[in-house]
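# Per-entry structural report
One letter stands for each residue in the lines below.
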Amino acid sequence: MLHYKTIGEGQPIVLIHGFPGDGSAWDNITPGLSDKYRLIIPDLPGAGNSPLPEEPLTLAFMARSVIEVMNKENIKNAVIAGHSMGGYTALEIAAQAPHRIKGLSLVHSSAHTDTEEKKESRRKAIRLMLKGEAQKEMFLRGAAPNMFAPGFADGHPGYLQAFVDKGMALPKEHLAAFYEAMIGRNDTTDVLKNSRFPVQWIIGMKDQVIPKEDVLQLVALSAVADVQLYGDCGHLAMQENPERLARDLDTFIVFCSEIV
Ligand code: MLT
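Keep in mind the model is a prediction, meaning the values are calculated, not measured. (Residues numbered from 1 in each chain as written. Predicted model: local features only at pLDDT ≥ 70, side-chain atom pairs only at ≥ 80, totals over all residues. Heavy atoms only, no water.)

### A closer look at the site of the ligand
Taken together, G18, F19, H83, S84, M85, Y88, R122, M147, M182, V209 and H235 are the residues near the ligand. Y88 places a side-chain nitrogen or oxygen 2.6 Å from an oxygen atom of the ligand. In this structure, R122 approaches the ligand through a side-chain N or O atom, which is 2.8 Å from an oxygen atom. In isolation the ligand offers 270 Å² of accessible surface; the protein chains occlude 98% of this area. Its residues assigned to classes, the shell around the ligand shows six nonpolar, four polar and one charged. (Near = heavy atom within 4 Å. Polar contact = N/O pair within 3.5 Å; in protein donor to acceptor, adjacent residues only side chain to side chain. Areas by Shrake-Rupley, 256 points an atom, 1.4 Å probe, with all protein chains shown as cover. Nonpolar A, V, L, I, M, F, W, Y, C, P; charged D, E, K, R; others polar.)

The structure is reproduced here in structure tokens:
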């Protein structure tokens, strides 16, 4: 069973973090939302305080683990927000159990698989980080600036360091397992095409991890979509523009409650 926290009371909202973080990734936006909603915030398998499974980690396993948390909390269905790898997980939940989704907010995420080039660069990163702690740190220091819009990190060096620290807190095998899981993930565009729930897209116009061009191809696939373009934002709206993200999520949750 995953480690998770719940904050607040009311309609359940599940928040799924990305790589290489844990549930604390949402800390900047939980104060406002927990006044209105019951937030369920898991650490994905192998992240934060959740154990890594003995079997190879897959997105399907990650999705099943979050569904288990929903079962334990007696949640029939919920609005689920997923950041990046958390969004891949949320889409996989929608593939396995669409009836558990009341609305899907994809925060800097995509339904596409990795390109061959991306898979190769992940394999290279895995080889590097598995060599030792110094190499793991080198990988994280290289990846950190890409998380933010160009220039943002200059004014916020603490955010870069926090990204590196999160990754350093995890065993290198866990980071490698996440990368293997992302390499092996399924295309979930059919999930969007068949969806009967609203889908929200939070898109960083300066996202260097999941480029807007990739995501903008997807937004028209679902029947109902809310597309939010964040002009001066990279891959981490939770840090780069938390006020707007909390507001947009709240508006989306209200919308999902009204129409379903
Ligand atoms: C994340 O933020 O979860 C990852 O950077 C996503 C990815 O590498 O595809």
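Now that the structure has been shown, we can carry on.
### Focus on helix α2 (residues 59-72)
Between its first and last C-alpha, α2 extends 20 Å over 14 residues, near the 20 Å set by a 1.5 Å rise per residue. Residues of α2 that are buried: L59, F61, M62, A63, S65, V66, I67, V69 and M70. Taken together, the buried residues of α2 touch β1 (4-7), β2 (12-16), β3 (38-42), β4 (78-83), α3 (85-96) and α8 (172-183). After α2 finishes, the residue N74 shows a positive phi value of roughly 55°. (Helix = DSSP H or I, 4+ residues; strand = E, 2+ residues; numbered from the N terminus. Expected span 1.5 Å × (residues − 1). Buried < 20%, exposed > 50% of the residue type's maximum accessible area, 1.4 Å probe, protein only. Contact = heavy atoms within 4.5 Å.)

### Here we look at unusual backbone geometry
F19 connects to P20 through a cis peptide bond whose omega is -5°. For P20, the position within the fold is in the loop between β2 and α1 (30-33). A positive phi angle, near 55°, is found at N74, a position not held by glycine. Relative to the elements of secondary structure, N74 occurs in the loop between α2 and β4.

### Looking at α8
Residue pairs spaced three or four apart in an α-helix point in one direction, given the helix's 3.6 residues per turn. The terminal C-alpha atoms of α8 lie 17 Å apart, and with twelve residues this matches the ideal 16 Å at 1.5 Å per residue to within 8%. In terms of residue burial, α8 counts as a mostly covered element, since ten of its twelve residues are buried. Taken as a whole, α8 has its buried residues at K172, H174, L175, A176, A177, F178, Y179, A181, M182 and I183.

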